[in-house]
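# Structural characterization, general
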Amino acid sequence: MTMALASSKAFSSIFYTVAPINRSYFVLACSGSNHIDVVDRRRRRIVIFGSSLALASTLLGSNQQRLPVESAIALEQLKEKEDELEEEEDRNVNLFQKTSSSVVYIEDIELPKTSSGDFTDEENAKIEGTGSGFVWDKLGHIVTNYHVIAKLATDQIGLQRCKVSLVDATGTRFTKDGRIVGLDPDNDLAVLKIETEGRELNPVVLGTSNDLRVGQSCYAIGNPYGYENTLTIGVVSGLGREIPSPNGKSIREAIQTDADINSGNSGGPLLDSYGHTIGVNTATFTRKGSGMSSGVNFAIPIDTVVRTVPYLIVYGTAYRDRF
């Protein structure tokens, strides 16, 4: 397997068995002394046969009384399961509706050279890649992965552009140019700035990653393969992982999850069941030769993001890099 940045079922059967007839028992029960005449033997057989019928009738009646009760219990259990599924679906739907407006779609585009040598022909711009991000504050700061906008960050001739598409608080979609404010390649983080023009934005609600537990539910929202606002669901599969950063260093305390993170999900939020952001989706192991996620995915913990982003906004670089 390779690390990629994320720009026979067993059946059990129940057998009902009937105890085999013990013929010797019936022979013994239906046999008598040689001194007993045929009439007596016939009478005994009638008595035994009649008793058997009475017993069978009793058992059948008992089963008929019990079956409606068992059916009612089964129906009640089925209804409870259906109610649980409906509640879970409602939670998922509400979580997505509440948080998806904070997620942005990022396009990394390259402007073609015109005959005059400039790069202003945006109509023929080439989309180099796509990624995700999320609204940090109402001032228009957008958090994403460094590798999502790496070409823009290293552009020396003004060839690269970054387009950010999102919705405002009224649900109106708009697109703006993203300008780099700060970079932290060590932690694969970057902050962009867009002009809001008086629009009200919906920042994410920040959570914490220091009290996460393996097994708890988590949700990833992003734009895998360019499909905007895609929700995937999973659990926290592991904590304290170490993954490589784009510049070859290590990102520590990463969150491992089985929520699908594919190319284009990079930079999007990983959420807990309350809709709080607990990480930034960044990388996945891919099946060799397929480019598809293996289900082993990683996010940068939000505690690292909270420590870093304010310095990126104010100074343009992480605090540790200022000296």
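The shown structure was predicted, so the numbers you read here are calculated from the model rather than taken from an experiment. Each chain carries its own residue numbering, running from 1 in the direction its sequence is written. Totals for whole chains, interfaces and linings use every residue, but because this is a predicted model, local features are given only for residues with pLDDT of at least 70 and side-chain atom pairs only at 80 or more, for both listing and counting. To get the side-chain values, take all heavy atoms of the structure and skip hydrogens and water.

### Observations regarding the overall build of the protein
Cut-off, in case you're wondering: To qualify as a helix, a DSSP run of H or I must reach at least 4 residues; to qualify as a strand, a run of E must reach at least 2; elements of each kind are numbered from the N terminus. Only protein chains enter the accessibility calculation, which uses a 1.4 Å probe. A residue is then buried if its area is under 20% of the maximum for its type, exposed if over 50%, and partly exposed in between.
Regarding its fold elements, the protein presents 4 helices and 14 strands. A buried classification covers 37% of the 323 residues belonging to the protein.

### Structural notes on the sheet that holds strand 3 (residues 126–135)
Which entries qualify depends on this criterion: The rule for pairing is simple: two strands pair if DSSP sees at least two bridges between them. Structural elements are reduced to axes, namely lines fitted to C-alpha atoms, with helices fitted over the stretch in contact, and the angle between N-to-C directions of any two is expressed from 0 to 180 degrees.
With antiparallel pairing, 7 strands are arranged side by side in an open sheet as 6-5-2-3-4-8-7. One side of each edge strand has no neighbouring strand; the edge strands of this open sheet are strand 6 (173–177) and strand 7 (179–184). For this sheet, the mean inter-axis angle between neighbouring strands, taken without regard to orientation, is 30 degrees. Here 5 bridges tie strand 7 to strand 8 (residues 189–193), and the two strands are oriented antiparallel to one another. Directly across from Gly182, in strand 8, lies its bridge partner Val191.

### Comments concerning the UniProt feature "coiled-coil region" (unreviewed entry) in the protein
Put simply, the rule is: UniProt positions are given in the numbering used here, feature names are shortened, and annotations may be inferred rather than shown by experiment.
The UniProt feature table records "coiled-coil region" (unreviewed entry) at residues 71–98. Overall, residues 71–98 shows 100% helix and 0% strand. The separation of its end C-alpha atoms is 40 Å.

### So, the nonpolar core
Heads up, the condition is: Throughout this description, the term nonpolar core refers to a set of buried Ala, Val, Leu, Ile, Met, Phe, Trp, Tyr and Cys residues connected via side-chain atoms within 4.5 Å. Here, residues are in contact when the closest pair of their heavy atoms is within 4.5 Å.
Ranked by size, the top nonpolar core spans 17 residues in total, and within it Val143 and Val305 carry the most contacts. Looking at which element gives the most residues to this core, the answer is helix 4 (residues 302–315), with 4 residues. Here Val305 is in contact with Trp136, Val143, Leu189, Val280, Ile300 and Pro310, once residues within four sequence places are set aside. Ile106, Leu152, Cys162 and Leu166 belong to the second largest nonpolar core, which has 15 residues in total.

### Topic: the pattern of salt bridges
Basically, it comes down to this: What makes a salt bridge here is a side-chain nitrogen of Lys or Arg within 4 Å of a carboxyl oxygen of Asp or Glu, nothing more.
As enumerated under the stated definition, the model contains 9 salt bridges in all. Residue Glu197 pairs with Lys176 through a salt bridge whose shortest N-O separation is 2.6 Å. Remark: Lys176 occurs in strand 6 and Glu197 occurs in the loop between strand 8 and strand 9 (217–222); sequence separation between them is 21 residues. Notably, a salt bridge pairs Glu242 with Arg252, separated by 2.9 Å at the nearest N-O pair. Here Glu242 is found in strand 10 (residues 230–244), whereas its partner Arg252 is found in strand 11 (residues 250–257), with 10 residues between them in sequence. Salt bridges sharing partners connect three or more residues here, namely Lys126, Glu128 and Lys151.

### Comments concerning the pairing of strand 13 (residues 277–286)
Summarising burial for strand 13: 9 of the 10 residues are buried, a large majority. Note that strand 12 (residues 269–271) and strand 13 share 3 bridges and pair antiparallel. Directly across from Pro269, in strand 13, lies its bridge partner Val280.

### Describing a negative patch on the surface
Going by this rule: Like charges are joined within 9 Å and nonpolar side chains (Val, Leu, Ile, Met, Phe, Trp, Tyr) within 5 Å, but only among residues with over 30% relative accessible area and no salt bridge; these make up the patches. Residue exposure ignores everything except the shown protein chains as possible cover, and the areas themselves are Shrake-Rupley values with a 1.4 Å probe. For the purpose of counting charges, residues Lys and Arg are taken to be positive, whereas Asp and Glu are taken to be negative. His and the chain ends are not included. Charged groups are reduced to one reference atom each: NZ for lysine, CZ for arginine, CG for aspartic acid, CD for glutamic acid.
On the surface, a cluster of negative charge is made up of Glu76, Glu80, Glu82, Glu84, Glu86, Glu87, Glu88, Glu89 and Asp90. Locating Glu80 in the fold gives a position in helix 2 (residues 38–99). For Glu80, a relative accessible area of 43% corresponds to the partly exposed category.

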